[in-house]
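# Coordinate inspection notes
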Amino acid sequence: MAWPSVWSVMRVAIPVLSVVGLLSLRLVGASQDSGSVIPAESRPCVDCHAFEFMQRALQDLKKTAYNLDTRTETLLLRAEKRGLCDCFHAVH
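Residues numbered from 1 in each chain as written. Predicted model: local features only at pLDDT ≥ 70, side-chain atom pairs only at ≥ 80, totals over all residues. Heavy atoms only, no water.

Along the backbone of the protein there are 2 helices and 0 strands. For the protein, the exposed surface amounts to about 8400 Å²; the carbon and sulfur share of it is 67%. (Helix = DSSP H or I, 4+ residues; strand = E, 2+ residues; numbered from the N terminus. Areas by Shrake-Rupley, 256 points an atom, 1.4 Å probe, with all protein chains shown as cover.)

Listed below in structure tokens is the structure:
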């Protein structure tokens, strides 16, 4: 099994998380400029939002890693099968 290294996953995850964070900040700033004020009691804390976002991002990364692992196994099995078929035809 060929798992992607932590660095290769983080190299993709960090820019994606940064872009999403910047976009969400822009949306929050736009809603506050319009004059709508949400009481602090009804807003979830920032840490809760960050935690939920990171959970979803981690689930997406796990799915991607699983898909890559499955594709790699499929390609390796095809290559082994092709190699065995070539050997079989060469012997007979």
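With respect to the helices, strands and loops of the structure, Phe53 is situated in helix H2 (residues 46–91). Distance from Phe53 to Val20, taken between C-alpha atoms, is 9.9 Å for residues 33 residues apart in sequence. Contacts of Phe53, omitting those with residues within four sequence positions, involve Leu17 and Val20. (Contact = heavy atoms within 4.5 Å.)

Take a nonpolar patch on the surface next. Together, Val12, Val16 and Val20 make up a nonpolar patch on the protein surface, roughly 230 Å² of accessible area in all. Counting through the fold element by element, Val12 comes out in helix H1 (residues 6–33). (Patch = residues over 30% accessible without salt bridge, like charges linked within 9 Å, V, L, I, M, F, W, Y side chains within 5 Å. Salt bridge = Lys/Arg side-chain N within 4 Å of Asp/Glu carboxyl O.)

Everything listed here is a matter of geometry and, on its own, says nothing about what the molecule does.
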